[in-house]
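Architecture and fold: a report
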Amino acid sequence: MEIDYNYLNSLLTEVNELRKQIKFCEIDITDCSISYMPKKKTSFVGFKEGYSDILDRNEKGMKESDKLRSTSKNYLRFFKDKAGKLVQVDNYCNGRIDCLFQVRWFGNVRYLFPFSADGTHYPTYTYVTIYDADHVVEEYMINSGQIIYEAYSYKSDQDIDYIRIDYVPGGNYPVRGIRKGVFSLKPLAYKEQYYDDWLNHRDN
């Protein structure tokens, strides 16, 4: 899979513009189901749907459950509608909501926009997942000047090509990291084929 940096730049612009336009909306939790997931000392796991995130969850023993231990202080709380679609994720740190993510759909693209509990914009990543039917084909997290982009190419029912790029177009080293590999299923596993990061390209 080749990397199109013009495409990554366009995603950065698009999502940051959308983020300015999207307003916080109080959700009616009356008809929502609620579940929880302990964060297990992770920061960015649990917000995406691709195999990379699923593998992270599996390896760290992060499972979604309708119950939460009374001693848990760092966890995610998921709200889903009657159809089982995610509508909001609350991110708890030290027993309090640090921020929450509200879901918006545009066609086959799901966005998780971050807000503070008071409804103001929160300075962290927006998460985006692009689906082709039931498959995640692209997934990325974006802040004002950075995109961490992942793509999945389905070679067969069992093997999926994967690429991940950490890109900061305005940085001294715009490409902070690239990894390529293959996910296999049943059981889910990942085999790295290529990795490089900016540390390998610093001036000596």
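Bear in mind the structure is a predicted one, so any value in this text is a computation, not a measurement.

Quick word on the pattern of salt bridges
For the structure shown, the criterion picks out 9 salt bridges. Put simply, Arg-77 and Asp-90 hold a salt bridge, and the shortest N to O gap is 2.7 Å. Linking Arg-77 in strand β2 (residues 75-80) with Asp-90 in strand β3 (residues 86-93), this pair joins segments that are 13 residues apart in sequence. A residue is classified by how much of its surface remains accessible, and Asp-90, at 2% relative accessible area, is buried.

Structural notes on the pairing of strand β8 (residues 147-154)
The element β8 is largely enclosed, with a buried count of 6 among its 8 residues. Where strand β7 (residues 135-142) hands over to β8, the hairpin turn is made up of 4 residues, counted between the paired strands. Between β8 and the antiparallel strand that follows it, strand β9 (residues 159-167), lie 4 residues.

Re the packing of aromatic side chains
In the structure shown here, the tally under the stated rule is 20 aromatic pairs. Looking at Lys-85, its charged tip hangs above the ring of Trp-105, at a distance of 4.3 Å from the centre. The ring of Tyr-194 carries the charged tip of Lys-180 above its face, separated from the ring centre by 5.8 Å.

Overview of the nonpolar core
Soluble globular proteins tend to pack their nonpolar side chains together in the buried interior. Ranked by size, the top nonpolar core spans 22 residues in total, and within it Leu-8, Leu-11, Tyr-111, Tyr-140, Ile-142, Ile-147 and Tyr-149 carry the most contacts. With 5 residues, the top contributor of residues to this core is helix α1 (residues 5-21). Beyond its immediate sequence surroundings of up to four residues, Tyr-149 is in contact with Tyr-7, Leu-8, Leu-11, Glu-138, Glu-139, Tyr-140, Ile-163, Arg-164 and Ile-165. Val-45, Leu-76, Tyr-122 and Met-141 belong to the second largest nonpolar core, which has 17 residues in total.

Notes on unusual backbone geometry
In the segment running from Lys-186 into Pro-187, the intervening peptide bond is cis, with an omega of 0°. Mapped onto the fold, Pro-187 is located in the loop between β10 (175-184) and β11 (189-197). Positive phi is not limited to glycine here, since Ala-133 has a value of about 55°. The class of Ala-133 is exposed, set by a relative accessible area of 66%.

A look at α1
Quick reminder: α-helices carry 3.6 residues per turn. Residues three or four places apart thus point the same way. The terminal C-alpha atoms of α1, which comprises 17 residues, lie 25 Å apart, in line with the 24 Å expected from a rise of 1.5 Å per residue. Here α1 has its buried residues at Leu-8, Leu-11, Leu-12, Val-15, Asn-16, Leu-18 and Arg-19. Angularly, the buried residues of α1 cover 160° about the axis, an arc narrow enough to put them on a single face. Away from its buried face, by an angle of more than 90 degrees, α1 presents the exposed residues Asn-6, Thr-13, Lys-20 and Gln-21. On its buried face, α1 is in contact with β4 (96-106), β5 (109-115), β6 (126-132), β7, β8 and β9. Taking the backbone nitrogen of Asn-6 as reference, a side-chain oxygen 3.1 Å away marks Asp-4 as the first, capping residue of α1.

Definitions and limits used
- Each residue is numbered by its place in its chain's sequence as written, counting from 1.
- For a predicted model such as this one, the threshold for reporting local features is a pLDDT of at least 70, and the threshold for listing and counting side-chain atom pairs is 80 or more; totals across whole chains, interfaces and linings nevertheless cover every residue.
- Only hydrogens and water are set aside when side-chain values are computed; all heavy atoms of the structure are taken into account.
- By definition here, a salt bridge exists when the distance from a side-chain nitrogen of Lys or Arg to a carboxyl oxygen of Asp or Glu is within 4 Å.
- In DSSP terms, a helix is any run of H or I states spanning at least four residues, a strand is any run of E spanning at least two, and both are numbered starting from the N terminus.
- Exposed residues in this analysis have more than 50% of their type's maximum accessible area, buried residues have under 20%, and partly exposed residues fall in between, with area computed by a 1.4 Å probe over protein chains only.
- Two strands pair if DSSP finds at least two bridges between them.
- Between the rings of Phe, Tyr and Trp (Trp by its six-membered ring), a pair exists once the centres lie within 6.5 Å; its type follows the angle of the planes, with under 30 degrees stacked, over 60 edge-to-face, and the other angles tilted.
- Lysine NZ or arginine CZ positioned within 6 Å of the ring centre and within 35 degrees of the ring normal marks a charge as sitting over the ring.
- Within this scheme, the nonpolar core is defined by two criteria: the residues are buried Ala, Val, Leu, Ile, Met, Phe, Trp, Tyr or Cys, and they are joined through side-chain atoms within 4.5 Å.
- When checking whether two residues touch, look at their non-hydrogen atoms; a contact exists if any pair is within 4.5 Å.
- To estimate how far a helix should extend, the number of its residues minus one is multiplied by 1.5 Å.
- Arc, as used here, means the arc of the directions from the helix axis to the C-beta atoms.
- Here a polar contact is taken to be a pair of N or O atoms separated by no more than 3.5 Å, where protein atoms must pair a possible hydrogen donor with a possible acceptor and residues adjacent in sequence count only if both atoms sit in side chains.

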